[in-house]
Amino acid sequence: MTTFVKIKAIRKSLSRSEAKLANFTLNSPNVIRDLSSIELAKVVNVSQSSVVKFAQKLGYKGYPTFKLAVIDALNKETAEPRLHGKITLNDSLSQIAEKLLASKMSVLTETKNLNEAQPFEQAVELLKNAKRILICGLGGSALVGKDFSYKLQKLGMSAIAEPDGHAQLAYVATFSKDDLVFAISESGVTREVAEVVAQAKKNGSKVISVTKYGDTPVSEHADVKLFSIAEEESHRLSSILARTAQEFVIDILFIAITQSSRQGRKLLEKTNSVVSDYRHSTE
């Protein structure tokens, strides 16, 4: 996960001084190569302690480590698709398509960069070993959860996605150490989802979270933390991009589970065959 990805992910939670440092790092990363912490503080007009705290907030021991990470990110950086402008009422269908495509590609790339392989591997094992799986989320996240439950059911896994918060809480109250909650929340602060997670942990159940990057009420006590991202603020795009990122995460998990489970592959082939035979019989 590059320094730039981390900064973008936690941007909204930064203080004024930290936001100045974040903007400078993203806009002028090459300049940081030649600046000490004192010099950077003067350029950005913040205290030196703010520079150190900013580096630590990103997970680095201090400014020297942060500086090396920025240099490393610059060396690895490739040209990534970015959204140029927002979709407006006057955009043509061609412009809408181009902007939406660029947005989705950017969100998928950022989501990939936010996640390491190990958490995905851990999530796959927890899902495969769970007796029961509750996939919880509200709004657009609930739609993603329902899609994931269908995918897991095709593999013979006992997964349900209940869109009602009260029903989720009632169901998780029956959970034990053999069961698992898969919590989806773009913001990570959805109260109902956080309450389901809290109840699951009281019962000794495992929890996998899919939230924005960083510690949130939903991800705080999760056994495995996965991250999704949706940077665009436009109300026309936000839920679309959030679902795009979340679907990317669950699709990786679904494919990985299918890849590692011979029984799951056989059941998937069977379910596909049954549906295909039915379709042909009704034509």
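Everything quoted here is computed from the prediction, not taken from an experiment. For every chain, the first residue of its written sequence is number 1, and the numbers climb from 1 along that sequence. With pLDDT at 70 or above as the cut-off, local features in this predicted model cover only qualifying residues; side-chain atom pairs require 80 or more to be listed or tallied, and sums for whole chains, interfaces and linings still use all residues. For side-chain calculations, the full set of non-hydrogen atoms in the structure is used, while hydrogens and water are omitted.

## Re helix α6 (residues 63–76)
Secondary structure elements follow DSSP: runs of H or I of four or more residues count as helices, runs of E of two or more count as strands, with numbering from the N terminus. Multiplying 1.5 Å by the helix residue count minus one yields the expected span of that helix. Along its 14 residues, α6 runs 20 Å from first to last C-alpha, staying within 8% of the 20 Å computed at 1.5 Å per residue. Only protein chains enter the calculation, and the probe is 1.4 Å; a residue is then buried if its accessible area is under 20% of its type maximum, exposed if over 50%, and partly exposed in between. Buried within α6 are the following residues: Y63, F66, K67, A69, V70, A73 and L74. Along α6, the residues classed as buried sweep out an arc of 160 degrees about the axis, all on the same side. Facing away from the buried side of α6 by more than 90 degrees, the exposed set consists of P64, L68, N75 and K76. This arc is built from the directions going out from the helix axis to the C-beta atoms.

## Here's the deal with the nonpolar core
Among soluble globular proteins, nonpolar side chains are generally buried collectively. Core analysis: the biggest nonpolar cluster contains 33 residues, and L40, F54 and F66 have the highest contact counts within it. Of all the secondary-structure elements, those providing two or more residues to this core are α1 (3–10), α2 (16–27), α4 (37–44), α5 (48–57), α6, α7 (93–114) and α12 (235–260). Tallying contributions element by element places α6 first for this core, with six residues. Excluding its chain neighbours within four sequence positions, the residues that come into contact with F66 are T3, T25, I32, F54, A55, L58 and Y60. Counting residues in hydrophobic clusters, the runner-up holds 26 residues, among them F120, A123, L226 and V249. To qualify as a nonpolar core, a set must consist of buried Ala, Val, Leu, Ile, Met, Phe, Trp, Tyr and Cys residues joined through side-chain atoms within 4.5 Å. When checking whether two residues touch, look at their non-hydrogen atoms; a contact exists if any pair is within 4.5 Å.

## Overview of the packing of α2 against α4
Axis lines are fitted through C-alpha atoms, for helices just across the contact stretch, and the angle between N-to-C directions can take any value from 0 to 180 degrees. Between α2 and α4, the least distance of the axes is 10 Å, while the angle of their chain directions is 100 degrees. The orientation of α2 relative to α4 falls into the category roughly perpendicular. Each of K20, L21 and F24 in α2 lies in contact with α4, whose residues at this interface are L40, V43 and V44. When residues are grouped by polarity, Ala, Val, Leu, Ile, Met, Phe, Trp, Tyr, Cys and Pro land in nonpolar, Asp, Glu, Lys and Arg in charged, and all others, Gly among them, in polar. Residues belonging to the contact of α2 with α4 are distributed by class as follows: five nonpolar, no polar and one charged. For classification purposes, angles smaller than 35 degrees are called roughly parallel, those larger than 145 roughly antiparallel, those between 65 and 115 roughly perpendicular, and all remaining angles oblique.

## Structural notes on the sheet that holds strand β5 (residues 224–227)
Strands qualify as paired when DSSP identifies two bridges or more between them. With parallel pairing, the five strands of this open sheet are ordered in space as β2-β1-β3-β4-β5. Edge strands, defined here as strands with exactly one partner in the open sheet, are β2 (159–161) and β5. Adjacent strand axes in the sheet meet at a mean angle of 15 degrees, parallel and antiparallel pairs treated alike. By the bridge criterion, five bridges tie strand β3 (residues 180–184) to strand β4 (residues 206–211) in an arrangement that is parallel. Across the sheet, the residue bridging to A183 is S209, located in β4. Its contacts with the sheet place helix α8 (residues 117–129) against β1 (133–136), β3, β4 and β5, and it is angled at close to 120 degrees to β5. Helix-sheet contacts for helix α9 (residues 140–154) involve β1, β2 and β3, and the interaxial angle to β2 is about 160 degrees.

## Focus on the confidence of the model for the chain
Of all residues in the chain, 88% attain a pLDDT of 70 or more, and the chain-wide mean is 85. pLDDT is a per-residue confidence score from the predictor, ranging from 0 to 100. Confidence scores differ between elements of the chain, with helix α13 (residues 262–281) showing the lowest mean pLDDT of 69 and β3 the highest of 97. Low pLDDT (under 50) marks residues 79–85, which in the prediction has 16 contacts with non-local residues, meaning those over four places away or in another chain.

## A closer look at helix α11 (residues 191–202)
Here α11 spans 17 Å end to end across twelve residues, near enough to the 16 Å set by a 1.5 Å rise per residue. Taken together, the buried positions of α11 are V193, A194, V196, V197, Q199 and A200. Note on α11: the residue one or two positions beyond its end, G204, has a positive phi of about 80 degrees.

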